[in-house]
Amino acid sequence: MSATLRLPAPLRAAVGGETTVPIEASDLGALPAAIAARYPDLAARVLRDGAFGSFITVFVNGEDARYLDPTTPLASAKVELLPAMSGG
């Protein structure tokens, strides 16, 4: 079963303008590789050396992924990628 990847406006162009896209990843640890394989343009914007860049916050079903185990299953999960924003 796939998870749903939800993207904010700054990242949507990397997946053809879609707000949400499906992603096949068995668990949280497999998510970066799944993104790289299915959405290379998105991977170029959010991954560094095969892992999420420090400027990307990942949420799984509303929980900050930094506090979740990499083996957390993603079947039917809602995953959000949020880039750091700056302004002045």
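See the structure shown above.
Everything quoted here is computed from the prediction, not taken from an experiment.

Draft legend 1. Inspection of the nonpolar core at higher detail. One finds Leu 5, Leu 31, Leu 42, Val 79 and Leu 81 to be the most contacted residues of the largest nonpolar core, which totals 26 residues. At the level of secondary structure, the elements contributing two or more residues to this core comprise strand E1 (3-6), strand E2 (20-23), helix H2 (31-38), helix H3 (40-46), strand E5 (56-60) and strand E7 (78-83).

Draft legend 2. Examining the layout of surface pockets more closely. Of the voids in this model, the largest pocket is the one considered here, and its volume is about 230 Å³. Lining the largest pocket are 15 residues, and of these Phe 52, Ile 56, Val 58, Ala 65 and Arg 66 sit closest to its centre. The leading source of residues in the lining of the largest pocket is E5, at three residues. A breakdown of the residues in the lining of the largest pocket according to their chemical character gives eight nonpolar, four polar and three charged.

Draft legend 3. Expanded view of the pattern of salt bridges. In total, this model carries two salt bridges according to the counting rule given. Close ionic contact of Arg 6 with Glu 80 constitutes a salt bridge, the shortest N to O distance being 3.6 Å. With Arg 6 in strand E1 and Glu 80 in strand E7, this residue pair connects regions lying 74 residues apart in the sequence. What makes Arg 6 partly exposed here is its relative accessible area of 47%. Of the charged contacts, one joins Arg 66 and Asp 64 as a salt bridge, the two residues approaching to 2.5 Å between their closest N and O atoms. Judged by relative accessible area, Asp 64 falls into the buried class, the value being 15%.

Rules behind the numbers
Residues numbered from 1 in each chain as written. Predicted model: local features only at pLDDT ≥ 70, side-chain atom pairs only at ≥ 80, totals over all residues. Heavy atoms only, no water. Core = buried A, V, L, I, M, F, W, Y, C linked by side-chain atoms within 4.5 Å. Buried < 20%, exposed > 50% of the residue type's maximum accessible area, 1.4 Å probe, protein only. Helix = DSSP H or I, 4+ residues; strand = E, 2+ residues; numbered from the N terminus. 1 Å grid on protein atoms, 1.4 Å probe; cavity = no way out; pocket = protein on both sides within 12 Å on 5 of 7 lines; lining within 4 Å. Points joined across faces, edges and corners; volume = space filled by probe spheres on them. Nonpolar A, V, L, I, M, F, W, Y, C, P; charged D, E, K, R; others polar. Salt bridge = Lys/Arg side-chain N within 4 Å of Asp/Glu carboxyl O.

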